Number of protein chains: 4
Amino acid sequence: MIYRHLGRSGLQVSLFSLGSWVTFHNQVDASGVREMMAMAWDAGVNFFDNAEVYANGESELLMGKALKELAWNRLDYVISSKFFWGLKPVGGKQSRINSQNTLNRKYLMQAIDGSLQRLKLDYLDLIFCHRADPHTPVEETVWAMHNIIEQGKALYWGTSEWSADEIRAAWEIAERHHLHKPVMEQPQYHLFHRQRVEKEYARLYNDIGLGLTTWSPLASGLLTGKYVEGIPDGSRGAMQNMAFLQEELLDQQKNHAVAQLQEIAHSLDCSVAQLALAWVAHNPRVSTVILGASRPEQLQENLAALDVLKKLNPETVDKIEGLTAKFAD
Amino acid sequence: MIYRHLGRSGLQVSLFSLGSWVTFHNQVDASGVREMMAMAWDAGVNFFDNAEVYANGESELLMGKALKELAWNRLDYVISSKFFWGLKPVGGKQSRINSQNTLNRKYLMQAIDGSLQRLKLDYLDLIFCHRADPHTPVEETVWAMHNIIEQGKALYWGTSEWSADEIRAAWEIAERHHLHKPVMEQPQYHLFHRQRVEKEYARLYNDIGLGLTTWSPLASGLLTGKYVEGIPDGSRGAMQNMAFLQEELLDQQKNHAVAQLQEIAHSLDCSVAQLALAWVAHNPRVSTVILGASRPEQLQENLAALDVLKKLNPETVDKIEGLTAKFAD
Amino acid sequence: MIYRHLGRSGLQVSLFSLGSWVTFHNQVDASGVREMMAMAWDAGVNFFDNAEVYANGESELLMGKALKELAWNRLDYVISSKFFWGLKPVGGKQSRINSQNTLNRKYLMQAIDGSLQRLKLDYLDLIFCHRADPHTPVEETVWAMHNIIEQGKALYWGTSEWSADEIRAAWEIAERHHLHKPVMEQPQYHLFHRQRVEKEYARLYNDIGLGLTTWSPLASGLLTGKYVEGIPDGSRGAMQNMAFLQEELLDQQKNHAVAQLQEIAHSLDCSVAQLALAWVAHNPRVSTVILGASRPEQLQENLAALDVLKKLNPETVDKIEGLTAKFAD
Amino acid sequence: MIYRHLGRSGLQVSLFSLGSWVTFHNQVDASGVREMMAMAWDAGVNFFDNAEVYANGESELLMGKALKELAWNRLDYVISSKFFWGLKPVGGKQSRINSQNTLNRKYLMQAIDGSLQRLKLDYLDLIFCHRADPHTPVEETVWAMHNIIEQGKALYWGTSEWSADEIRAAWEIAERHHLHKPVMEQPQYHLFHRQRVEKEYARLYNDIGLGLTTWSPLASGLLTGKYVEGIPDGSRGAMQNMAFLQEELLDQQKNHAVAQLQEIAHSLDCSVAQLALAWVAHNPRVSTVILGASRPEQLQENLAALDVLKKLNPETVDKIEGLTAKFAD
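These figures come from a predicted structure and were not determined experimentally.

### Observations regarding the overall build of chain A
Helix and strand content of chain A: 13 helices and ten strands. Its C-alpha atoms give chain A a radius of gyration of 19 Å, within 12% of the compact-globule value 20 Å for 329 residues. Considering only C-alpha atoms, chain A reaches an extent of 55 × 45 × 40 Å along its principal axes. In chain A, buried positions account for 50% of the 329 residues. Taking as baseline every contact in chain A between residues at least 6 positions apart, the subset at least 24 positions apart corresponds to 77%.

### Overview of the relation of the copies chain A and chain C
Both copies of the chain are related through a single rotation about an axis accompanied by a shift along the same axis. Mapping chain A onto chain C is achieved by rotating through 93° and translating by 0.0 Å along the same axis, at an RMSD of 0.2 Å. One copy is carried onto the other by what is essentially a four-fold rotation axis. Proximity to the rotation axis, assessed at the C-alpha, singles out His178 of chain A in chain A; its C-alpha lies 4.9 Å from the axis. Different-surface contact between copies: only 6% of interface residues of chain A are shared with the interface of chain C.

### Describing the arrangement of the chains
You won't find any contact between chain B and chain C; their C-alpha atoms come no closer than 12 Å. There is a gap between chain A and chain D: no contact, and a shortest C-alpha distance of 9 Å.

### So, the relation of the copies chain C and chain D
Taken as rigid bodies, chain C and chain D are interconverted by a rotation of 180° and an axial shift of 0.2 Å, the fit giving an RMSD of 0.2 Å. On this basis, the relationship between the two copies can be described by a two-fold rotation axis. Nearest to the rotation axis, the C-alpha of Asp165 of chain C is located 2.1 Å from it, this being the minimum over chain C. By residue overlap, the copies meet face to face through one surface: 100% of the interface positions of chain C are interface positions in chain D.

### Remarks on unusual backbone geometry
In this structure, Lys120 of chain B takes a positive phi of about 55° despite not being glycine. Checked against the element boundaries, Lys120 of chain B lands in the loop between α3 (105-119) and β6 (124-129). You will see that Ala219 of chain D, though not glycine, has its phi angle at about 55°, which is positive. Take Ala219 of chain D: there are 23 C-beta atoms within 10 Å of it, and that puts it in the buried class.

### A few points about the interface of chain C and chain D
If you look at the interface, chain C gives ten residues, while chain D gives ten residues. Secondary-structure elements contributing two or more residues to the side of chain C that touches chain D are α5 (164-176) and α7 (202-208) of chain C. In terms of residue count, α5 of chain C provides more of the side of chain C that touches chain D than any other element does, seven residues in total. Looking at the side of chain C that touches chain D residue by residue, the classes come out as two nonpolar, one polar and seven charged.

### A closer look at the interface of chain A and chain C
Across the boundary between the two partners, chain A contributes 16 residues, which contact 22 residues of chain C. Residues of the side of chain A that touches chain C, tallied by class, amount to four nonpolar, eight polar and four charged.

### Here's the deal with helix α2 (residues 58-70) of chain B
Residue and element names in this part refer to chain B. Here α2 contains 13 residues, and its C-alpha end-to-end distance of 18 Å stays within 8% of the 18 Å for a straight helix at 1.5 Å per residue. Those residues of α2 that fall on the buried side of the exposure criterion are Ser59, Glu60, Leu62, Met63, Ala66 and Leu67. Here the buried residues of α2 occupy an arc of 160° about the axis, which is enough to place them on one side. Of the surrounding elements, those touching the buried residues of α2 are α1 (30-42), β4 (47-49), β5 (78-83) and α3. Following α2 by one or two positions, Ala71 adopts a phi angle in the positive range, close to 50°.

### A few points about the sheet that holds strand β9 (residues 211-214) of chain D
Neighbouring strands of a sheet are bound in pairs by backbone hydrogen bonds; such pairs are parallel or else antiparallel. All names here are of chain D. As summarised here, the arrangement of the eight strands in space is β3-β4-β5-β6-β7-β8-β9-β10, forming a closed barrel in which the pairing is parallel. The mean angle between the axes of side-by-side strands here comes to 30°, regardless of whether they run parallel or antiparallel. Sheet topology places β9 next to strand β10 (residues 286-291); three bridges connect them, and they run parallel. Across the sheet, residue Thr213 finds its bridge partner in β10, namely Thr288.

### Here we look at the environment of Glu301 of chain C
Mapped onto the elements, Glu301 of chain C comes out in helix α11 (residues 296-303). Excluding residues that lie within four positions of it along the chain, Glu301 of chain C makes contacts with Ser271, Ala273 and Gln274 of chain C.

### Regarding the sheet that holds strand β7 (residues 154-159) of chain B
All names here are of chain B. Ordered in space as β3-β4-β5-β6-β7-β8-β9-β10, the eight strands form a closed barrel in which the pairing is parallel. Going across the sheet, the axis of each strand differs from the next one's by a mean of 30°, ignoring polarity. Strands β5, β6 and β7 of the sheet are contacted by α3, whose axis makes an angle of about 140° with β5. On the sheet, helix α5 (residues 164-176) packs against β7 and β8 (182-185) and is oriented at approximately 165° with respect to β8.

### Side note on the nonpolar core
The biggest cluster of nonpolar side chains holds 199 residues, and the ones touching the most others in it are Ala154 and Ala276 of chain A together with Ile127 and Ala276 of chain B. If near-sequence neighbours (up to four positions away) are discounted, Ala154 of chain A is found in contact with Ile112, Tyr123, Leu124, Ile127, Ile148 and Ile149 of chain A. Of all hydrophobic cores here, the second largest spans 100 residues; its members include Phe47, Val142, Leu223 and Ala278 of chain D.

### What about helix α9 (residues 252-267) of chain D?
All names here are of chain D. Its 16 residues place the ends of α9 24 Å apart at the C-alpha level, agreeing with the 22 Å of an ideal helix rising 1.5 Å per residue. Along α9, the positions that sit buried rather than exposed are Lys254, Ala257, Val258, Leu261 and Ala265. All buried residues of α9 fall inside an arc of 105° around its axis, so they share one side. Among the exposed residues of α9, those pointing more than 90 degrees away from its buried face are Gln252, Gln253, His256, Glu263, His266 and Ser267. Packed against the buried residues of α9 are α10 (272-282) and α13 (314-324).

### Description of the packing of helix α9 (residues 252-267) of chain C against helix α13 (residues 314-324) of chain C
All names here are of chain C. It is the contact of α9 with α13, at a shortest axis distance of 9 Å, that shows an interaxial angle of 165°. On the basis of their axis angle, the class for α9 and α13 is roughly antiparallel. α9 and α13 meet at a crossing whose hand is right-handed. Contact residues: α9 offers Ala257, Gln260, Leu261 and Ile264, while α13 offers Thr316, Lys319, Ile320, Leu323 and Thr324.

### Some words on the pairing of β7 of chain B
Residue and element names in this part refer to chain B. Of all the six residues making up β7, five are buried; the element is thus mostly covered by neighbouring parts of the structure. In this sheet, β7 lies alongside β6 in parallel orientation, the contact comprising five bridges. Across the sheet, Phe128 pairs through a bridge with Gly158, a residue of β7. One crossover worth recording links β6 to the parallel β7 by way of helix α4 (residues 138-150), and it is right-handed. Summarising the sheet, β7 and β8 pair through three bridges and their orientation is parallel. When the sheet's bridge partners are listed, Trp157 is paired in β8 with Pro182. Handedness of the β7-α5-β8 crossover: right-handed.

### Section: the pairing of strand β6 (residues 124-129) of chain C
Residue and element names in this part refer to chain C. Within β6, six of the six residues are buried, which leaves it mostly tucked inside the rest of the structure. Two strands pair when backbone bridges link them, and strand β5 (residues 78-83) and β6 are joined in this way by four bridges, in the parallel orientation. Bridged to Phe83 within β6 is Cys129.

### Side note on the packing of α1 of chain B against helix α11 (residues 296-303) of chain B
All names here are of chain B. Across the interface, α1 lies against α11 with an axial gap of 10 Å and an inter-helix angle of 20°. Relative to α11, the element α1 is oriented roughly parallel. Pair α1 / α11 crosses with right-handed handedness. Facing Glu35, Met36, Met39 and Ala40 of α1, the residues of α11 in contact are Pro296, Leu299 and Gln300. Each residue belonging to the contact of α1 with α11 can be placed in one class, and the counts come to five nonpolar, one polar and one charged.

### Regarding the environment of Ile112 of chain D
All names here are of chain D. With respect to the helices and strands, Ile112 occurs in helix α3 (residues 105-119). Placed 163 residues apart in sequence, Ile112 and Leu275 show a C-alpha to C-alpha distance of 37 Å. With near-sequence residues (within four places) excluded, Ile112 lies in contact with Ile127, Ile148, Lys153 and Ala154.

### Focus: the environment of Leu87 of chain C
Residues and elements named next belong to chain C. Relative to the helices and strands, Leu87 resides in the loop between β5 and α3 (105-119). Along the chain, Leu87 and Leu222 lie 135 residues apart, while their C-alpha atoms are 30 Å from each other. Filtering out sequence-adjacent residues up to four positions away, Leu87 remains in contact with Glu52, Asn56 and Gly57.

Calculation criteria
Residues numbered from 1 in each chain as written. Chains lettered and ligands numbered in written order. Predicted model: local features only at pLDDT ≥ 70, side-chain atom pairs only at ≥ 80, totals over all residues. Helix = DSSP H or I, 4+ residues; strand = E, 2+ residues; numbered from the N terminus. Rg over C-alpha atoms; globule rule 2.2 N^0.38 Å. Buried ≥ 20, exposed ≤ 12 C-beta atoms within 10 Å, placed from the backbone. Contact = placed C-beta atoms within 7 Å. Least-squares fit on C-alpha atoms with pLDDT ≥ 70 in both. Nonpolar A, V, L, I, M, F, W, Y, C, P; charged D, E, K, R; others polar. Expected span 1.5 Å × (residues − 1). Arc of directions from axis to C-beta. Pairing = 2+ DSSP bridges. Axes fitted to C-alpha atoms, helices over the stretch in contact; angles between N-to-C directions. Core = buried A, V, L, I, M, F, W, Y, C linked by C-beta atoms within 7 Å. Parallel < 35°, antiparallel > 145°, perpendicular 65-115°, else oblique. Left-handed = near helix turned anticlockwise from the far one by under 90°. Right-handed = clockwise from strand over helix to strand, strands pointing away.

What follows is the structure, given as structure tokens:
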């Protein structure tokens, strides 16, 4: 495994990491979770990504159970959670005005405790503001993140899908008020979604040392090539709660580009998914590429992208980017 | 005339102002310049926009000459210039490594003196960094802007076409180091180009009090309706050095939308250009809408958009935005 | 005993102090540790130096046991530990990517708890960053040191073998962000190793009030004269894990200088070791000289250097420094 | 010519530049100065280095005269001076207590005016504190540098042969008090003198964006190979005021290494001097390599090192560094 520093922090994360989004609870049960986490661990993965909203808390519960059973040394692994949407109330009809779609102090100070309980941990390594909240001043959120860290409940904080301007605002407020600064951002990043990471954030890497824990490296599966012939049964595209992805997944032009990428993959003796993963990992601004997998074999295959990374030369990278350039919004 | 404060500054600018880009020197000569400036002045315009790069210094020379002749009270008008590209060297062969496409201290400290000389003024009201320079630290540029203001050579400074992140970086550096802060930004803004002003800058209005001096309110003429039937002689689209605009100006779908806007304009008893100008002015974030004109009658017509603004109700605005929504990148 | 303030802090430490490096656990067992600590205590020593890495945690365990048995008043003694290398994992095979050779937040926040447990103390008086970590931003480390102090787990923090530039960086970051500043540095300092303390740190004493807890005052034994005739049995030079010292310990020219120092020592009626210790103590920048000893008599002899200090006049100091000047790197 | 940014500033300097030390006035007269400056200019050199102390002011007088005659565009060239030693009094016996070997405010505020007069310029681009002054607080010097820049007499300031700690102290004081920060350092740097640039300053490049204008790339001529057979007539080693260099220049081991470098140079079809210059330029931390030359042909030969730079591959660099490693103090 390769390890990279999380931006300008002293913490190192494995270049490929395991995320629980979509899969844990919905597609993978407790024993599957433990099996995949163990498999990742054996491959050198030290970062496991989670969020309060994933399966409405169930994903954290499953990961907490697995961590208990696996009993690794706490210093050796890195766990995250993220806050913004809040938990869906079970049954009750009361609108949860202050605890959904917000980054206010009231919600955040309580949300961390829920995550710690579900994950059965004394502290989280990384906590993320899962989205930006235009209605809460950045300063209020920065203070809450700072206080959670001061209380020992988390080590580092960051953002997910914030604009460059919002990230810098948070960093500057923390700098000015001498608070813990945001260290990392979790953006979507893959061959069909590059603008934010490569253009919008460009100045942030040097100016504030931003690290990236990127999600959706395979564009929800589009880059596996499995949608070239339509939506297969059992795929993410066939999941009811993922219906919003269908149009994208069946985009003809993109699937055509994927078919062409398959030829490059063939020449490198790998799958197109592995090629797409290696391409993400190849960007030195990326601290870790979060992998999702619904089956152990899938995870195994994806982790093997590490070998493909070693074979990527500038010429191949140019070819890959040439084929996908027009979709790189 | 309506006057608005330039962002959170105490300076007021007329809602419609006169810009010299494209027209001065290339399409309008000295007497035309004086005539149009006088006409604008009589309509209550108090802001006249310029830049070092416009006609490679000639635009400033013409405006300076006109100001001398018009002999208005210096307190009553507001003049700007902008720096980034540098003047094209006349004849010399030495590469101008430190004076073109830059915002470094050496260039800026000298550029302001050139503009003052050409405009025959003791000070400029507004100076802009005409583009962002990724190779000069924002801090160096902020210091130069500050020093120019400290030397009495300008009153306020701002940016043009900077990203939200870069504007905030400049503001924060100025705040931290107790320097004069950027006050305004000059972005392109019209019915076919809204994303930056409405989305990207959204947090900046309240956070730092950003003012806007918007350019190209008519999308280089596309929103006058004159390209609905192709490129007419003598139009901007027919100018050799504006060839890069042709594809855009002849875009079928956009011209179709313009044709539909014409119907709304008709119902308000105005031209489509006046409707488009009133729509820009209708956004309260806009401090001033910079008008360009190659003939006095054109300017007269555009200034009359002020009357259209009074007739714009929310329903009409919705209709206008509905027709152009899909192009509002 | 003489007591000196630890740099510009209000804490006083005995001019000679007792360190556990090399000896505790490896050469001295539990009863020996208690005996020597008691002996030092009786001579007025109030500072006992330790580190997580010494004998991989065993040195802290032994000192903790002795402190429990000796049952001194907690206000009367000063205990340190140091963090950087991390504990060697016992058996496990997982690479400890975030807990070895690092000063990141994750490691430091956990390491302090381990030291407190092994030493059976509620708080440490002094904690040191045992080496500089070029891969963790100084700011992250300063924050962790600050937070450990805020949590009441330590009173003062400092560095060991950091460059002047790194020490100043830490101090300035703490100053800017209103955090607890580094108070002391633990450098090697003896007649054959003077450059860092006397030249490199020169400006730090007045600028930031740096205190020094110096180590290896006898150059690993070279300055005792015991290697003038080769490596004697049972000496540090004969220890397997100290093999890296042999070349240095047998250096002919240095041993020749030691022989000449013996003559000066003779004239002052002391051993050359005592002379060398007195010379270190004679530098007013030194807050305390950490002594190591494998036997009680050795410690006794070294503590007696205090009497030699009183006999050192400028002329003698000049002579001493003249004999060793060319080795004073 | 290749141009590099001067550290993290927006100013670009040519990778090879022309220095006047030793040569101007002593070895080169007015017409020679003009000829060599013109030759450098034609090769794309835009930076010309000078100092008050060089030939006791005569070097600045000669460069000023040449600049007047060459009449280049002021925006296109970069001129430096440096202050510390002060001018030798002509005739008088009064000890100049406040104007020699100092960086106090009194001396600096006056020294800049003298340099501007001798160089016949309105402003200098770069001013250096020629050495560190342990007796003047860094803060006093930083304020003087800041004020000189605020007065418009210089654009950027830096240091020469300061320790990393002193450079950081200056930077931090400027940051804290919101003053112009030091941008560059002028250190000695060549194959026999690497420690400071490569080790001591290591953290400064990223932390404060330090740029380097390096001097003595040929080790006072040692790396030209001309001393392999002793001191030739007319060489720097034969100059009376350079007598202090003789021991170094005749060092047998170093001259042996130079002889071996000549073989590598031979294989690259260049002189050993060109090889040594290309090696310095090859370090990306170096903003510009200052060349000295007593004859036009020498300068021509040295500037041609630019072509050698293109041929330097990692393997050759390793070989070069292997041969000289033991002298790289």
